[in-house]
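Spelled out, the chains give:
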Amino acid sequence: MLRRRTPPLLALRMLSSSPSYSANPNPRLPLLPTSPIPQPSLSHHHHHHHPLLSNSIRGLPRTQTMTISRSLLSGPTTGPIPVSTGPEPGSDDSESQSLVVVSFYKFADFPDHADMRKPLKDLCQQLRVSGGIILALEGINGSICGTRESVETVLGFIQSDNRLKGLRQVESPVSPEEEAIHHGHTSSSPLAAGEDAPFRWDHVRVKLKKEIVTLGMPSVSPTEKVGKYVCPRDWNALINDPDTVVIDVRNAYETRIGKFKRAVDPCTTAFREFPSWVEDHFQVSDSDDEHSKVKVNGPNGSTEKQVEIPEQKMPQRVAMYCTGGIRCEKASSFLLSKGFKEVYHLEGGILKYLEEVAESESLWEGECFVFDKRVSVDHGLVQGTFKLCYGCKQPVSDEDMEAPEWEYGVSCPYCYSSKSDEEKERARARQRQFETWGIIGGPDKGRRPASNPATASIKSS
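Residues numbered from 1 in each chain as written. Predicted model: local features only at pLDDT ≥ 70, side-chain atom pairs only at ≥ 80, totals over all residues. Heavy atoms only, no water.

Visitor: So what's going on with the environment of Ser333? Which residues, and what values?
Guide: With respect to the element layout, Ser333 can be found in helix α9 (residues 326–337). The spacing of Ser333 and Val226 is 107 residues in sequence and 4.6 Å in space, taken between C-alpha atoms. Once residues lying within four places of it in the same chain are set aside, the contact partners of Ser333 are Val220, Ser221, Pro222 and Lys225. Among the polar contacts listed, one links the side chain of Ser333 to the backbone oxygen of Ser221, at a separation of 3.5 Å. (Helix = DSSP H or I, 4+ residues; strand = E, 2+ residues; numbered from the N terminus. Contact = heavy atoms within 4.5 Å. Polar contact = N/O pair within 3.5 Å; in protein donor to acceptor, adjacent residues only side chain to side chain.)

Rendered as structure tokens:
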């Protein structure tokens with residue numbers, strides 16, 4: 001079974017009142033199809049290929065057996081791997097039907113990553129696992145939501161590729177209220193789940209990108225060198241040391257709502273700005289000299305002399321953190337390439353820290369922004385108080401929503417002045433479509449509706 005083949009998921013403190021759900025809790029949401037998952041034809045020119053799904057997965061929560069072919073994996077072939085996709089019919093396994101959110105990543109040499117996209121997306125859709133996954137040459141990065149059985153099946157499918165074994169993952173709880181919205185137990189939206197759901201059954205994205213986290217520096221590779229991991233229980237002692245410089249590797253809209261005490265905020269708007277900030281702030285160079293030599297030209301353009309400018313001393317020790325740990329992998333690799341000696345980063349990121357460290361002992365202040373519709377989480381990974389501005393995708397507080405610049409679905413105090421009147425009007429149009437139809441673009445989702453033959457004949461006459 002899957003739980004014996006993959007590392008166990010992190011412990012989850014689920015509420016005992018979490019309801020169990022039937023296979024089709026909302027009649028407006030059809031049962032899963034019983035046809036086999038389509039199998040894309042993959043080329044066999046590369047040594048590594050991801051396994052294809054060979055059997056169909058039928059409606060949940062029935063127990064079915066899915067086999068994963070291992071003929072394309074490196075290593076000995078052991079035959080089909082049985083995977084349970086749910087509890088036995090009639091069983092009352094409320095835990096297996098409770099929702100979980102798992103964020104995960106793994107840096108790996110993955111040149112044939114595009115081959116995984118279709119079978120992975122098909123599997124998520126069949127199991128009603130939603131969220132977002134990025135595949136790239138350097139590995140995989142994602143955050144998904146679904147029942148525990150379904151999520152474990154997806155994670156097992158990913159890790160059946162030997163290069164992706166040992167995913168770094170953090171699990172977050174989902175409240176009974178969020179579960180009810182996610183499962184369709186609401187009348188507030190024509191599509192049941194609606195925009196208030198942390199994820200939607202009908203929304204899974206599996207994207208191909210150049211990087212799983214964008215730094216824009218191909219030479220930086222965490223698979224070659226990376227900083228030292230620090231577990232959450234040892235983090236406080238490290239960042240309380242006066243010789244340690246604590247750096248928040250996230251962006252300004254994230255640090256605005258929460259960060260660790262004593263942390264330096266680079267005030268970046270995108271992760272790719274981090275290298276420039278480091279080079280400007282610490283005046284690092286590729287030279288091992290303690291001084292950088294600058295040429296000073298004379299009036300006739302000739303070089304008269306060289307002036308030595310003392311560089312700002314590098315910190316003795318750097319400790320970095322981010323949401324789930326992935327950005328710190330690249331950031332620490334970059335600092336090491338620039339000559340930093342002691343580079344540490346928080347293992348599992350802020351999310352793991354908030355899960356394991358008691359609030360009474362915590363050095364975290366505020367809430368942590370997350371990249372899904374929960375928007376923010378607090379200690380214990382419970383959902384926070386911030387909402388999302390759909391105009392700029394930044395977190396907003398209750399106070400922000402009292403400001404005159406706030407208009408639901410259009411703008412907030414952080415983006416109002418940067419948006420033109422035309423952009424705001426387009427946002428209002430999108431919001432009207434959503435309020436009317438529950439989806440952007442109306443029932444035709446932006447496509448031209450089919451022409452009415454009767455209307456066409458009148459126009460032609």
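Visitor: Just give me the short version of the pairing of strand β5 (residues 139–147), but keep the residues and values in it.
Guide: The element β5 is largely enclosed, with a buried count of nine among its nine residues. Here seven bridges tie strand β4 (residues 130–136) to β5, and the two strands are oriented antiparallel to one another. Across the sheet, the residue bridging to Gly132 is Ser143, located in β5. (Buried < 20%, exposed > 50% of the residue type's maximum accessible area, 1.4 Å probe, protein only. Pairing = 2+ DSSP bridges.)

Visitor: Report on the pattern of salt bridges, specifying residues and quantitative values.
Guide: For the structure shown, the criterion picks out 19 salt bridges. Between Glu138 and Lys330 there is a salt bridge whose closest N-O contact spans 2.9 Å. Placement of the pair is Glu138 in the loop between β4 and β5 and Lys330 in helix α9, with a sequence separation of 192 residues. The pair Glu138 / Lys330 is uniform in exposure class, with both members buried. For Asp161, the salt bridge is made with Arg163, and the minimal N-O distance between the two is 2.8 Å. Relative accessible area serves as the criterion here: at 2%, Asp161 is assigned to the buried category. Each member of the salt-bridge network shares a partner with another, and the members are Glu407, Glu425, Arg428 and Arg432. (Salt bridge = Lys/Arg side-chain N within 4 Å of Asp/Glu carboxyl O.)

Visitor: If you had to explain the packing of aromatic side chains to someone new, which residues and values would you point to?
Guide: What describes a pair of aromatic rings is the distance from one ring centre to the other and the angle between the planes of the rings. Applying the stated criterion to the full structure yields 15 aromatic pairs. Summarising the aromatic geometry, the rings of Trp235 and Tyr321 are spaced 6.3 Å apart at their centres and angled 80 degrees between planes, so their arrangement reads as edge-to-face. Residue Trp235 is located in helix α6 (residues 232–240), and its partner Tyr321 is located in strand β14 (residues 317–321); the two are separated by 86 residues in the primary sequence. Exposure remark for Trp235: the relative accessible area of 0% places this residue in the buried category. Overall, Tyr321 belongs to the buried group, its relative accessible area being 0%. The ring of Tyr229 carries Arg168 above its face, with NZ or CZ at 4.1 Å from the centroid. (Phe/Tyr/Trp six-rings, centres within 6.5 Å; stacked < 30°, edge-to-face > 60°. Lys NZ or Arg CZ within 6 Å of the ring centre and 35° of its normal.)

Visitor: Pulling in residues and values, what's your account of the sheet that holds β5?
Guide: Across a sheet, paired strands are connected by hydrogen bonds in the backbone, their directions being either parallel or antiparallel. Pairing in this open sheet of five strands is mixed, and the strands run β6-β3-β5-β4-β7 from one edge to the other. Of all strands in the sheet, those with a lone pairing partner are β6 (168–173) and β7 (204–208), marking the two edges. Across the sheet, the mean angle separating the axes of adjacent strands is 10 degrees when strand polarity is ignored. Strand direction decides the pairing type here: β4 and β7, joined by five bridges, are parallel. Among the inter-strand pairings, Leu135 is bridged to a residue of β7, identified as Leu208. Docked against the sheet, helix α4 (residues 148–159) engages β3 (99–107), β5 and β6, running at close to 160 degrees with respect to β5. (Axes fitted to C-alpha atoms, helices over the stretch in contact; angles between N-to-C directions.)

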